[in-house]
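Listed below, chain by chain, are the residues.
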Amino acid sequence: MTPLEGLAVFAAGVGAGGINTAVGSGTLITFPVLLATGLSPVTATVSNALGLIPGNISGAFGYREELRGQRRRILKLGVGALLGGLTGATLLLALPATAFERIVPVMVGLALVLVAFQPLISKFLRDRRARTGVPARRDGGPLLFTGLTLASVYGGYFAAAQGIIYVAVMGTLLNESLQRLTAVKNVLVAIVNTAAATFFLFVADFDWTAVALIACGSALGGQFGARIGRRFSPAVLRALIVTVGTVSIVQLLLR
């Protein structure tokens, strides 16, 4: 990795850490940059998962005030996140590399749709609840646990838009503010990435330079996102994610 490539990976880590904390989908920034340095999709994915853990933890700490009173919820949903993350990591290595290269562009594409249309999806869900008169359940019930566990399987396989999926599922089933849901999302993402990365440590090849650069950058970005991320226009963040994600899809298809 050249010095210029290393600087780009570090900067991507800062951006990913900030966006993951405030919105989600930071992988859509780091993943294409790692691919551009010459890493294979699988090596880029496992290196990214390990490197983003400090950013996940940093972001969760930044939202510690919003986490108050949610200990029981996090413990319950964390079990599903742990199981889902391990399952997704196993699928990443069990499926052939050709399957990964075919599946990931589709996953990124779906993630970009979620990012681009998140305001419309949220409005639709709010209007639907208003029409039916059925409030969101306080604990979310088995449906919430199942939905977040399945989202965690996806996160363990490839983490792009994982956080946005979490917020969408929780927002549908829980009557909580967006900031409190974001706080839970940050913890769940940290659990999934840690579970997947721990599994990868024993069975996969990492680019340790990339891991270190992303780790340092994401830890810094996590604090940045927690402190001032709420001040950025969601439209600007979505535009950035969609642009970088589109580049990622093009790179994958051209490999």
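Details of the structure are given in the entry above.
Predicted, not measured: the structure shown is a model, and the values here were computed from it.

A. Representation of the overall build of the protein chain in the model. Assigned secondary structure in the protein chain consists of 13 helices and zero strands. Every one of the 255 residues in the protein chain was classed for burial, and the buried ones make up 50%. Taking the contacts inside the protein chain whose residues are at least 6 apart along the sequence as the reference set, 84% of them involve residues at least 24 apart.

B. Structural detail: the packing of aromatic side chains. Within the structure shown, the criterion is met by two aromatic pairs. In this arrangement the basic side chain of Arg 64 is found over the ring face of Phe 61, its NZ or CZ atom lying 4.1 Å from the centre.

C. Structural detail: helix 12 (residues 208-228). With 21 residues, helix 12 should cover 30 Å at 1.5 Å per step; its first-to-last C-alpha distance of 30 Å lies within 8% of that length. Residues of helix 12 that are buried include every one of Ala 210, Val 211, Ile 214, Ala 215, Gly 217, Ser 218, Gly 221, Gly 222, Gly 225 and Ala 226, and no others. Where helix 12 begins, the side chain of Asp 207 points an oxygen toward the backbone nitrogen of Thr 209, at a separation of 3.2 Å.

D. Quick look at the nonpolar core. Counting residues in each nonpolar core, the largest one holds 29 residues, and the members touching the most others are Leu 34 and Phe 200. Residue assignment for this core shows that the elements contributing at least two residues are helix 1 (3-22), helix 2 (27-36), helix 3 (41-51), helix 6 (71-94), helix 7 (97-116), helix 9 (141-157), helix 11 (178-203) and helix 12. Every residue in contact with Leu 34, bar those within four places of it in the chain, is listed here: Val 9, Leu 39, Ala 44, Asn 48, Ala 210 and Ile 214. With 22 residues, the next largest nonpolar core counts Leu 77, Val 184, Val 189 and Ala 226 among its residues.

E. Main features of the side chain of Asn 48. Residue placement: Asn 48 occurs in helix 3. At 3.2 Å, the side chain of Asn 48 and the side chain of Thr 27 are in polar contact. Those residues within four positions of Asn 48 in sequence are excluded, and the remaining contacts are Thr 27, Thr 30, Leu 34 and Ile 214.

F. Highlighting a nonpolar patch on the surface. A cluster of nonpolar side chains, Leu 93, Leu 201, Phe 202, Val 203 and Trp 208, forms an exposed patch at the surface whose accessible area comes to about 550 Å². The dominant element in the nonpolar patch, judged by the number of residues it contributes, is helix 11, at three residues. Looking at where Trp 208 falls in the secondary structure, it is placed in helix 12. By relative accessible area, Trp 208 is classed as exposed at 51%.

G. Representation of the environment of Tyr 166. On the secondary structure map, Tyr 166 appears in helix 10 (residues 162-173). The spatial distance from the C-alpha of Tyr 166 to the C-alpha of Gly 24 is 9.3 Å, given a sequence separation of 142 residues. Apart from the residues lying within four places of it in its own chain, the contact partners of Tyr 166 are Leu 148, Ala 151, Ser 152, Lys 185, Leu 188, Val 189 and Val 192.

H. Quick look at empty space enclosed by the protein. What the rule picks out here adds up to three cavities of 30 Å³ or more. In this structure, the largest cavity spans a volume of roughly 100 Å³. For the lining of the largest cavity, the secondary structure elements donating two or more residues are helix 2, helix 3, helix 9 and helix 11. Per-element accounting of the lining of the largest cavity gives the leading share, four residues, to helix 11. When the residues that make up the lining of the largest cavity are grouped by side-chain class, the tally is nine nonpolar, six polar and no charged. Approximately 70 Å³ is the volume attributed to the second largest cavity. Taken together, the elements giving at least two residues each to the lining of the second largest cavity come down to helix 10 and helix 11. For the lining of the second largest cavity, the per-class residue count stands at three nonpolar, eight polar and no charged.

I. Seen up close, the pattern of salt bridges. Tallied over the entire structure, the rule returns one salt bridge. Measuring nitrogen to oxygen at the nearest pair gives 3.0 Å for the salt bridge that ties Glu 65 to Arg 68. Under the relative-accessibility criterion, Glu 65 is labelled partly exposed at 48%.

About the cut-offs
Residues numbered from 1 in each chain as written. Predicted model: local features only at pLDDT ≥ 70, side-chain atom pairs only at ≥ 80, totals over all residues. Heavy atoms only, no water. Helix = DSSP H or I, 4+ residues; strand = E, 2+ residues; numbered from the N terminus. Buried < 20%, exposed > 50% of the residue type's maximum accessible area, 1.4 Å probe, protein only. Contact = heavy atoms within 4.5 Å. Phe/Tyr/Trp six-rings, centres within 6.5 Å; stacked < 30°, edge-to-face > 60°. Lys NZ or Arg CZ within 6 Å of the ring centre and 35° of its normal. Expected span 1.5 Å × (residues − 1). Polar contact = N/O pair within 3.5 Å; in protein donor to acceptor, adjacent residues only side chain to side chain. Core = buried A, V, L, I, M, F, W, Y, C linked by side-chain atoms within 4.5 Å. Patch = residues over 30% accessible without salt bridge, like charges linked within 9 Å, V, L, I, M, F, W, Y side chains within 5 Å. Areas by Shrake-Rupley, 256 points an atom, 1.4 Å probe, with all protein chains shown as cover. Salt bridge = Lys/Arg side-chain N within 4 Å of Asp/Glu carboxyl O. 1 Å grid on protein atoms, 1.4 Å probe; cavity = no way out; pocket = protein on both sides within 12 Å on 5 of 7 lines; lining within 4 Å. Points joined across faces, edges and corners; volume = space filled by probe spheres on them. Nonpolar A, V, L, I, M, F, W, Y, C, P; charged D, E, K, R; others polar.

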